[in-house]
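Read off the chains here:
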Amino acid sequence: MKFLIFIAFLIFIYWYFFIRKKRLTSDKLGELVEELVLDENCRRYIKKEEAIKVEIDGKNYYFCSKKCLSEFLQKISKSQP
Ligand SMILES: [Zn+2]
């Protein structure tokens, strides 16, 4: 019976450290998630490092593709004749 308790204790210790490790990695992922930026054209969140960055009137805009960039430029040129 004591042996069974010992085994249960070992499993608990193993589980405890495993969960802790998992939490640490998800915290690191959380930092990466903060590096997402909004595509102003298709309203999708994209990774900042993969986005196309354009500065318009002193404001930074990010786009997932060149297509989104040109569509957005067309939109603002229509709204500001
Ligand atoms: Zn887009």
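Procedures and definitions
- Residues numbered from 1 in each chain as written.
- Predicted model: local features only at pLDDT ≥ 70, side-chain atom pairs only at ≥ 80, totals over all residues.
- Helix = DSSP H or I, 4+ residues; strand = E, 2+ residues; numbered from the N terminus.
- Buried ≥ 20, exposed ≤ 12 C-beta atoms within 10 Å, placed from the backbone.
- Contact = placed C-beta atoms within 7 Å.
- pLDDT = per-residue confidence, 0-100.

A short note on the overall build of the protein
Item 1. From N to C terminus, the protein includes two helices and four strands.
Item 2. In sequence order, the protein lays out its α and β elements as α-β-β-β-β-α.
Item 3. Burial status across the protein gives 10% buried among its 81 residues.
Item 4. When contacts within the protein are restricted to residue pairs at least 6 apart in sequence, long-range pairs at least 24 apart make up 23% of them.

A closer look at the environment of Lys-48
Item 1. With respect to the helices, strands and loops of the structure, Lys-48 is situated in the loop between β2 (45–47) and β3 (52–56).
Item 2. Along the primary structure Lys-48 and Leu-36 are separated by twelve residues, whereas in three dimensions their C-alpha atoms are 5.3 Å apart.

Points about the confidence of the model for the protein
For residues with low pLDDT, the predicted coordinates do not support detailed interpretation.
Item 1. Averaged over every residue, the pLDDT of the protein is 85; the share at 70 or more is 80%.
Item 2. The spread of mean pLDDT over the elements of the protein runs between helix α1 (residues 2–33), the lowest at 75, and strand β4 (residues 59–63), the highest at 95.

Digging into unusual backbone geometry
Item 1. Phi angles above zero are rare outside glycine, and Arg-43 is one such case at about 60°.
Item 2. Tracing the backbone through its elements, the reader meets Arg-43 in the loop between β1 (36–38) and β2.
Item 3. Taking the number of C-beta atoms within 10 Å as the measure of exposure, Arg-43 has 8 and is therefore exposed.
Item 4. For Asp-57, which is not glycine, the phi dihedral falls at a positive 50°.
Item 5. Of note, Asp-57 is situated in the loop between β3 and β4.

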